[in-house]
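Coordinate inspection notes
Chain by chain, the residues run as shown.
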Amino acid sequence: MSIQHQNKHRIPCPHCGNTARIRKSQGLTPVYREAIIECRNEDCGWRGKLSIEITHTIAPSDIPNPTVRLPLVPRLRELALAQPAVANA
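One structure accompanies this document, and this report is about it. Treat the numbers as computed from the prediction; the structure is a model and nothing was measured. (Residues numbered from 1 in each chain as written. Predicted model: local features only at pLDDT ≥ 70, side-chain atom pairs only at ≥ 80, totals over all residues. Heavy atoms only, no water.)

**Structural notes on the overall build of the chain**
A tally of regular secondary structure across the chain gives one helix and four strands. Counted from the first residue to the last, the chain has its helices and strands arranged as β-β-β-β-α. In the chain, buried positions account for 10% of the 89 residues. Total accessible area on the chain is roughly 8,100 Å²; 53% of this is exposed by carbon and sulfur atoms. (Helix = DSSP H or I, 4+ residues; strand = E, 2+ residues; numbered from the N terminus. Buried < 20%, exposed > 50% of the residue type's maximum accessible area, 1.4 Å probe, protein only. Areas by Shrake-Rupley, 256 points an atom, 1.4 Å probe, with all protein chains shown as cover.)

**Describing the pattern of salt bridges**
Applying the stated criterion across every chain, the model contains four salt bridges. The salt bridge partner of Arg 21 is Glu 38, with a shortest N-O separation of 3.1 Å. On the criterion of sequence distance, the pair formed by Arg 21 in strand β2 (residues 19-29) and Glu 38 in strand β3 (residues 32-39) is long-range, its members being 17 residues apart. By relative accessible area, which is 30% here, Arg 21 ends up partly exposed. Its relative accessible area of 15% is what places Glu 38 among the buried residues. Close ionic contact of Lys 49 with Glu 34 constitutes a salt bridge, the shortest N to O distance being 3.3 Å. (Salt bridge = Lys/Arg side-chain N within 4 Å of Asp/Glu carboxyl O.)

**Side note on the side chain of Thr 57**
Tracing the sequence through the fold places Thr 57 in the loop between β4 (47-53) and α1 (74-82). Aside from chain neighbours lying at most four places away, what touches Thr 57 is Leu 70, Pro 71, Leu 72, Val 73 and Leu 76. (Contact = heavy atoms within 4.5 Å.)

**Quick notes on the sheet that holds strand β1 (residues 11-12)**
Strands sit in the order β1-β2-β3-β4 across an open sheet of four strands; the sheet is antiparallel. In this open sheet, the two strands that pair with only one neighbour each are β1 and β4. The pairing of β1 with β2 spans two bridges and is classified as antiparallel. Within the sheet, the bridge partner assigned to Pro 12 lies in β2 and is Thr 19. (Pairing = 2+ DSSP bridges.)

**What about the pairing of β2?**
Where β1 folds back onto β2 in an antiparallel hairpin, the turn is made up of six residues, including Gly 17, whose phi is positive at roughly 85 degrees. Linking β2 to β3, which pair antiparallel, is a turn of two residues.

**Here we look at the side chain of Glu 38**
Side chain to side chain, Glu 38 and Arg 23 meet in a polar contact 3.4 Å long. Setting aside its immediate chain neighbours within four residues, Glu 38 contacts Thr 19, Ala 20, Arg 21, Arg 23, Trp 46 and Arg 47. (Polar contact = N/O pair within 3.5 Å; in protein donor to acceptor, adjacent residues only side chain to side chain.)

As structure tokens, then:
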């Protein structure tokens, strides 16, 4: 028996409210992606363009990409600024 993976992230159609599916997507930068989506309701027939952008860092990467510069979420930035500076020995 196989286990079927179900996507928990659902995008509702802005017109009928049924679930829309991604038909095609393209990464334009490391933090920005565009996709064509369509409503699964055949009676509706809506299609549209979806933009997905990564806007902030919540937890820093242990292997950061030097070309990606994302601001820290405000709380993480406050914690980083509140830590005493480490002196070079």
